[in-house]
Amino acid sequence: MTSEGKEDKSVATLERALTILATFEASPAQSLAEISRRTGMYKSTLLRLLGTLEKFGYVGQQGDGSYHVGAAALHLGSLYQKWVQPAELINPALRGLVQATGESASFNVPMGDLRICVYRVDSPQKIRDHVRIGDLLPLARGAAGRVMVAFSRAAGTPEGEELRRTCFCVTRGEIEADTAGVAAPVFSMGDKLEGALAITGPAFRYSEEKVQAMRIPLLRTALSLTRDLGGPTAGLEAALFLAEQAADTPVY
């Protein structure tokens, strides 16, 4: 076999291994038969690949013979989070938003034509939305996605211009029919859009009054994070000023 042929075979093996790992999104624990059904691979091929993945810690095997994602995958996820922004900076901000609003808070970043939830703190309320860390969501739908689009390629649209002025977006029923959310942008050095803060929950709790009550703590948190990241704060400061004027609260 030529060196080019060996390289092609190695790439194909890697693609199969990644396909196996992707099946765990559907179920955290799977039998060999389930993985075979989801990947279309023969069990003999799967056993070889799973053995290698287990050797390197990317899958593990339970007492009943089923497979689960291994600790090495968790380590990769933590490295990705650190690359986006450190947990010690983002998580306290999210906990503050949950305490202030009673709803779940998350930090989302763009990923091609999608966005990914990188950090999240759940609401203490029993009825809440159930987005998880690592979930991929549409970039153009939902409050966080619309904020990202407004501060990138859709800045020239009327909706984009309004979002750039207010740094605040509210949507209802765009991801799931019974959920709603509000979001604001976070920037870092060089005027880079670092991501979007979002507060999400059941749509029935997102009355106009509740949405406006969320607006100020959300913008304050986005402003604080942007300042910590060395990003430009003028736009968020202006948006916060407008929100506080509209709420007839003191400006600090």
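Each remark here, short or long, concerns the structure printed above.
Residues numbered from 1 in each chain as written. Predicted model: local features only at pLDDT ≥ 70, side-chain atom pairs only at ≥ 80, totals over all residues. Heavy atoms only, no water.

With respect to the overall build of the chain
Part 1 of the reasoning: Tallying secondary structure elements over the chain gives 9 helices and 9 strands in all.
Part 2 of the reasoning: Looking at the chain as a whole, 44% of its 252 residues are labelled buried.
Part 3 of the reasoning: Of the contacts formed within the chain by residues at least 6 apart in sequence, a portion of 52% connects residues at least 24 apart.
Part 4 of the reasoning: Approximately 13600 Å² of the chain is accessible, and the part contributed by carbon and sulfur atoms is 56%. (Helix = DSSP H or I, 4+ residues; strand = E, 2+ residues; numbered from the N terminus. Buried < 20%, exposed > 50% of the residue type's maximum accessible area, 1.4 Å probe, protein only. Contact = heavy atoms within 4.5 Å. Areas by Shrake-Rupley, 256 points an atom, 1.4 Å probe, with all protein chains shown as cover.)

Focus on the nonpolar core
Note that soluble globular proteins tend to have their nonpolar side chains buried in a common cluster.
Part 1 of the reasoning: Judged by nonpolar contacts, the single largest core of 49 residues is most densely connected at Val182, Leu197, Leu218 and Leu219.
Part 2 of the reasoning: Among the elements of the structure, α5 (87-101), β4 (104-111), β5 (114-121), α6 (143-150), β8 (179-188), β9 (192-202), α8 (208-228) and α9 (234-246) are those that each provide at least two residues to this core.
Part 3 of the reasoning: With 8 residues, the single largest contributor to this core is α8.
Part 4 of the reasoning: Setting aside residues up to four positions removed in sequence, leucine 219 forms contacts with Thr166, Cys167, Ala184, Leu236, Ala239, Leu240 and Ala243.
Part 5 of the reasoning: If you look at the next biggest cluster of nonpolar residues, it comprises 12 residues, including Phe24, Met41, Leu50 and Leu53. (Core = buried A, V, L, I, M, F, W, Y, C linked by side-chain atoms within 4.5 Å.)

Brief notes about the environment of threonine 221
Part 1 of the reasoning: Assignment of secondary structure puts threonine 221 in helix α8.
Part 2 of the reasoning: Judged by relative accessible area, which is 15%, threonine 221 ranks as buried.
Part 3 of the reasoning: C-alpha separation for the pair threonine 221 and glycine 96, spaced 125 residues apart in sequence, amounts to 8.3 Å.
Part 4 of the reasoning: For threonine 221, the contacting residues outside a window of four places in its chain are Ala93, Leu97 and Leu197.
Part 5 of the reasoning: Polar contacts involving the side chain of threonine 221 include one to the main-chain carbonyl oxygen of proline 217, which spans 2.8 Å. (Polar contact = N/O pair within 3.5 Å; in protein donor to acceptor, adjacent residues only side chain to side chain.)

Description of the pattern of salt bridges
Part 1 of the reasoning: In total, this model carries 11 salt bridges according to the counting rule given.
Part 2 of the reasoning: A salt bridge links aspartate 122 to arginine 128; the nearest nitrogen and oxygen atoms lie 4.0 Å apart.
Part 3 of the reasoning: Owing to a relative accessible area of 39%, aspartate 122 belongs among the partly exposed residues under this scheme.
Part 4 of the reasoning: Among the ionic pairs, glutamate 244 bridges to arginine 220, the shortest N-O distance being 2.7 Å. One end of the pair, glutamate 244, is in helix α9; the other, arginine 220, is in helix α8, with 24 residues separating them in the sequence.
Part 5 of the reasoning: Residue arginine 220 is classed as partly exposed on the basis of its relative accessible area, which comes to 38%.
Part 6 of the reasoning: Several salt bridges converge on common partners, so that one network encompasses Arg120, Asp122, Arg128 and Asp129. (Salt bridge = Lys/Arg side-chain N within 4 Å of Asp/Glu carboxyl O.)

Overview of the layout of surface pockets
Part 1 of the reasoning: Taken as a whole, the second largest pocket encloses approximately 320 Å³ of empty space.
Part 2 of the reasoning: Residue lining of the second largest pocket: 22 residues in total, with Asp129, Val131, Ile175, Thr179 and Thr200 positioned closest to the centre.
Part 3 of the reasoning: Those elements that provide at least two residues to the lining of the second largest pocket are β4, β5, α6, β8 and β9.
Part 4 of the reasoning: Taken together, the residues that form the lining of the second largest pocket break down as 8 nonpolar, 9 polar and 5 charged. (1 Å grid on protein atoms, 1.4 Å probe; cavity = no way out; pocket = protein on both sides within 12 Å on 5 of 7 lines; lining within 4 Å. Points joined across faces, edges and corners; volume = space filled by probe spheres on them. Nonpolar A, V, L, I, M, F, W, Y, C, P; charged D, E, K, R; others polar.)

Functional significance is not addressed by these values, which are geometric in nature.
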